[in-house]
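Residues per chain, in single letters:
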Amino acid sequence: MSYLSNVVRRAASRQMPAPGRNIRLRCFSSGLGQTAEKSVPYHKTLKGESSQDKGPTRPLPKSANVVVVGGGSLGCQTIYHLAKMGVSDVVLLERDRLTSGTTWHTAGLLWQLRPSDVEVELLAHTRNVVSKDLEEETGLHTGWIQNGGLFIASNKQRLDEYKRLMSLGKVYGIESYVLSPAETKDLYPHMNVDDLYGTLYVPKDGTMDPAGTCTTLSRAATARGALVIENCLVTGIQVKADDLGVQRVAAVETNYGTIQTPCVVNCAGVWARALGQMAGVNVPLVAMHHAYVVTERIEGIQNMPNVRDHDASVYLRLQGDALSVGGYESNPIFWEEVSEKFAFGLFDLDWDVFMQHIEGAINRVPVLEKTGIKSTVCGPESFTADHKPLMGEAPEVRGFFLGCGFNSAGMMLGGGCGKELAYWIIHGRPEKDMYGYDIRRFHRSLTANNRWIRERSHESYAKNYSVVFPYDEPLAGRNMRRDPLHKELLQQGCVYQERHGWERPGWFNPRGAAPVLDYDYYGAYNQKPHSSYLYNQLLGDEYTFDFPPHHDIIKNECLTCRNTLAVFDMSYFGKFYLFGPEARKAADWLFTADVSKSPGLTVYTCMLNKHGGVESDLTVSQISPGTQVSSLTPAFEGDGYYLAVGGAVAQHNWSHITTVLQDMRLQCKLVDCSEELGMISIQGPASRTVLQEVLDTDLSNEAFPFSSHKLVKAAGCMVRAMRLSFVGEMGWELHVPKQDCVRVYQAVMKAGAGHGITNAGYRAIDSLSIEKGYRHWHADLRPDDTPLEAGLAFTCKLKSSIPFLGREALEIQKATGVLRRLVCFTIDEKVPMFGLEAIWRNGKVVGHIRRADFGFAINKTIAYGYIRNPDGGPVSLEFVKSGEYVLERMGATYPATAHTKSPFDPENKRVKGIY
């Protein structure tokens, strides 16, 4: 018999362990196909006789409303929820048998707590579906086992992370407990607790059976009229252009016929990329080998909770009277040539790669050292650039939806994501804020970039068990998009962040340049790791849940902006032109504010979905036609608008606007000039004095009021100057053709030298903006938040008769009252907060913090979160004012003061130049 201890010793000596019972050990390359069949730790699978050369299990219909491709967890959950929501003529096509791709061998773990409120809600729905709903609907048991979950902390930082999860769990009623090492030993007698700092125990976590779950989902879906067809390989997707030239799904082709359909859902897992190519859609994922081993019987292990020891990069899944042992290694094996005929197959396990998990497992549960290995399970899984799924309608083709790339979490997230995807298909958007999973979170320049996909997917895989720190940045896939000031600012110590492929300024390091180097794969694959890598060292310094060591540097940037002036390079912003014969009609419908008052005005506005949720906040400037085609003064006929949107969400904005224009069939054009224009923002009390030396126009309040824009010359270069602020100070944004950015920037710095001007980055913007009460989209403003809930009613033209997208929903909400409201809190005690902290009002949990930072001008931590009335009634301003609040951070509570106005400059004087 091969024991786990033997594996460690032999792998460490670079020898392969001798074959033991039910185990084959040999070297292999990632190009090999599947091996002989091996056992997986489930009572049943959906395997039957070979389906090769057999026809489909059901006749193909001529047409369908929706065709789901892929019969794994996501495909089955999606068709189940579509049928449950009343969609008729829904078809699922599976090339082999249900679960035959990657689902059949998955570990099936379900952990209820994640560092995301949306994910907690998605997981809760999955748990309800597999533990209750399906059994009630079908009378069948899905195989759900509630044995609990135990998170291991070997250091304070890890336990702090778990305490953050515990506080968030209280908002959702998820039972969890922080245990001491001794209490952990009592719960799990086989565990070594000598090196533990503590653990987090979640009693109602559990384990799912993929075959049982998918069988039951299929049964429930077909009972509602859905059609599940196995042994039917999709060979093509027909895409046709409509009369406006918009590409739309038309049909699905198979070897056994064609199904006419306007909607295809790509739930093909590892094979999703190939399916996307059939429709001309980029699906940015990679296939990797992912493995676990199953032990022989262990006396006394029955009924123990599943274990995640992140610091040892290992999980221990209860399997009856045995354990499954797996994890995430730093050198995963890529499956280079994905075979379409791979079904119910596994790879041979590479013990050199897997060894680190064995070492961690033996340390945590020493009895494993003398426990035999019953089987190895090494199968393909799909992984993405940020370890999040790919969902939603593809930007390239209308009617082509993604439900893939689940990073080995397809079972766990399947129920919640299947429901959201079904709702998305029916209503055009999901119920929840799914932006973190939306394919549109990636810029179109990245989704076909193989280097970026491979590097980022590797890093996300290798760091999957790392502590999620607030200020971490990727090292992989960097320097994809750089603005014209990148080199100039790098020499001045700029520490860059990555957003949407862009390198954007984070903060400025007094120690000098800290360039981002080519990705070294953390030394894996015979890559030489970087030595003396300053950028990586600076990131590592901030691996803390306390105030980061660069706190005072950010403070200096912020207070210099408040007291004199600072320069921000915001060139990564999305910059679009909307113009044409029906551009005004489009603007009236798209934007909540009236943006068509007159050229020369710049308006802060929102864009909504039909439910009144905020899809974007942005500035819109009405412009006059130029005399020639240029990035600064485009020539056009009709009305024209210049849109400036947050760079990290530019693709989302582009896709939202494009979709609305297509659905409305409006005759206007959207042009992206993001790469052609830089954006330099000069903010602070001295901004007018300094810029008056650089610009050739009068900057007085009378000549250049707040929220206006002009074409002017800066250092001899034509620019569009806008008097705006995202930090709450008097200031101007200069939108500059890329070839002139360095010249204009240097002129500003020269003019400001005598006034103490400083560079500042987005870490400072985050602090300054929250201090002033400005919203950040996808933080305190999301697609499931309305302007009325977020305190942005002033952006909505509800007093006019002009219709706009989402207006009806807002009018209903205004009449009935908001059931939740965004509230600003400050705390006097000097502790950092980062979001996810629980909000208590009069002793009851009423919400959680969405966004938090430290405000240096008021010298307090500031936090924003939505609160609800525990009684279910409206949340009025009086309700906000009348409560006593505490914020819970990592299990500790801190008294908080609620504010109905910004605690900094509540009268809004500074942006108007009143100091």
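Residues numbered from 1 in each chain as written. Predicted model: local features only at pLDDT ≥ 70, side-chain atom pairs only at ≥ 80, totals over all residues. Heavy atoms only, no water.

Draft legend 1. Here's a closer look at the overall build of the protein. Looking only at helices and strands, the protein features 20 helices and 38 strands. Rg of the C-alpha trace for the protein: 28 Å, near the compact-globule value of 29 Å for 915 residues, within the 12% margin. Overall, the protein is about 85 × 65 × 60 Å in size when its C-alpha atoms are taken along their principal axes. Taken across its 915 residues, the protein has 62% of its residues classed as buried. Accessible surface for the protein amounts to roughly 33,100 Å². Of this, 48% is attributable to carbon and sulfur atoms. For the protein, the separation between the mean place of its 97 positive charges and that of its 100 negative charges on side chains is 1 Å. (Helix = DSSP H or I, 4+ residues; strand = E, 2+ residues; numbered from the N terminus. Rg over C-alpha atoms; globule rule 2.2 N^0.38 Å. Buried < 20%, exposed > 50% of the residue type's maximum accessible area, 1.4 Å probe, protein only. Areas by Shrake-Rupley, 256 points an atom, 1.4 Å probe, with all protein chains shown as cover. Lys, Arg positive; Asp, Glu negative; His and termini not counted. Charge placed at Lys NZ, Arg CZ, Asp CG, Glu CD.)

Draft legend 2. Just the packing of aromatic side chains, in detail. Applying the stated criterion across every chain yields a total of 32 aromatic pairs. Note on Phe334 and Tyr525: the rings are 6.1 Å apart at their centroids and 50° apart in plane angle, and the pair reads as tilted. You can see Phe334 sitting in the loop between strand E16 (322–326) and helix H8 (351–364) and its partner Tyr525 sitting in the loop between strand E21 (502–508) and helix H12 (534–541), a full 191 residues away along the chain. When the ring of Phe383 is compared with that of Tyr461, the centres are 4.8 Å apart and the planes differ by 80°; the resulting orientation is edge-to-face. With Phe383 in strand E17 (residues 373–384) and Tyr461 in helix H10 (residues 450–462), this residue pair connects regions lying 78 residues apart in the sequence. (Phe/Tyr/Trp six-rings, centres within 6.5 Å; stacked < 30°, edge-to-face > 60°.)

Draft legend 3. Spotlight on the sheet that holds strand E6 (residues 198–202). Taking strand neighbours across the sheet as the criterion, the eight strands line up as E5-E6-E4-E14-E15-E16-E13-E17 in an open arrangement whose pairing is mixed. One side of each edge strand has no neighbouring strand; the edge strands of this open sheet are strand E5 (177–179) and E17. Pairs of neighbouring strands in the sheet enclose a mean axial angle of 20°, with direction left out of account. Alignment of strand E15 (residues 314–319) against E16, held across five bridges, turns out to be antiparallel. (Pairing = 2+ DSSP bridges. Axes fitted to C-alpha atoms, helices over the stretch in contact; angles between N-to-C directions.)

Draft legend 4. Highlighting the environment of Gln238. Along the polypeptide, Gln238 turns up in strand E9 (residues 234–241). Classification of Gln238 as partly exposed rests on a relative accessible area of 22%. Along the primary structure Gln238 and Arg248 are separated by ten residues, whereas in three dimensions their C-alpha atoms are 8.6 Å apart. Within the structure, the side chain of Gln238 is placed 2.9 Å from the side chain of Glu253, a separation counted as a polar contact. (Polar contact = N/O pair within 3.5 Å; in protein donor to acceptor, adjacent residues only side chain to side chain.)

Draft legend 5. Structural context of the pattern of salt bridges. Counted under the stated rule, the structure contains 44 salt bridges. Among the ionic pairs, Asp195 bridges to Arg364, the shortest N-O distance being 2.9 Å. Linking Asp195 in the loop between helix H5 (181–187) and E6 with Arg364 in helix H8, this pair joins segments that are 169 residues apart in sequence. On the accessibility criterion, Arg364 (1% relative accessible area) is buried. Taking the shortest distance from any N to any O, the salt bridge between Arg499 and Glu473 comes out at 3.0 Å. Here the residue Arg499 occupies a position in strand E20 (residues 494–499), and Glu473 occupies one in the loop between H10 and helix H11 (486–491), the gap between them amounting to 26 residues. Assessed through its relative accessible area of 24%, Arg499 is described here as partly exposed. In this structure Glu473 comes out as buried when scored by relative accessible area, which is 8%. Taken together, the salt bridges that share partners define one network made up of Asp117, Asp433, Arg782 and Asp784. (Salt bridge = Lys/Arg side-chain N within 4 Å of Asp/Glu carboxyl O.)

Draft legend 6. Broad picture of the packing of helix H3 (residues 117–138) against helix H6 (residues 210–223). Where H3 contacts H6, the two axes come as close as 10 Å, and the packing angle between them is 45°. When the axes of H3 and H6 are compared, the pair comes out oblique. Considering the relative orientation of H3 and H6, their crossing is left-handed. Across the interface between the two elements, Val129, Val130, Leu134, Glu137 and Thr138 of H3 pack against Thr213, Thr216, Leu217 and Ala220 of H6. In terms of residue class, the contact of H3 with H6 is made up of five nonpolar, three polar and one charged. (Parallel < 35°, antiparallel > 145°, perpendicular 65-115°, else oblique. Left-handed = near helix turned anticlockwise from the far one by under 90°. Contact = heavy atoms within 4.5 Å. Nonpolar A, V, L, I, M, F, W, Y, C, P; charged D, E, K, R; others polar.)

Draft legend 7. Examining helix H13 (residues 551–563) more closely. Here H13 is 13 residues long and its end C-alpha atoms lie 18 Å apart, about the 18 Å a rise of 1.5 Å per residue gives. Along H13, the residues classified as buried are His551, Ile554, Glu557, Cys558, Thr560, Cys561 and Arg562. Structurally, H13 contributes buried residues whose contacts are with E21, strand E22 (566–569), strand E28 (677–683), strand E32 (758–760), helix H18 (762–772) and strand E35 (844–855). (Expected span 1.5 Å × (residues − 1).)

Draft legend 8. Representation of unusual backbone geometry. The backbone phi angle of Tyr522 is positive, close to 55°, even though this residue is not glycine. In this structure, Tyr522 sits in the loop between E21 and H12. The exposure class of Tyr522 is partly exposed, given its relative accessible area of 36%.

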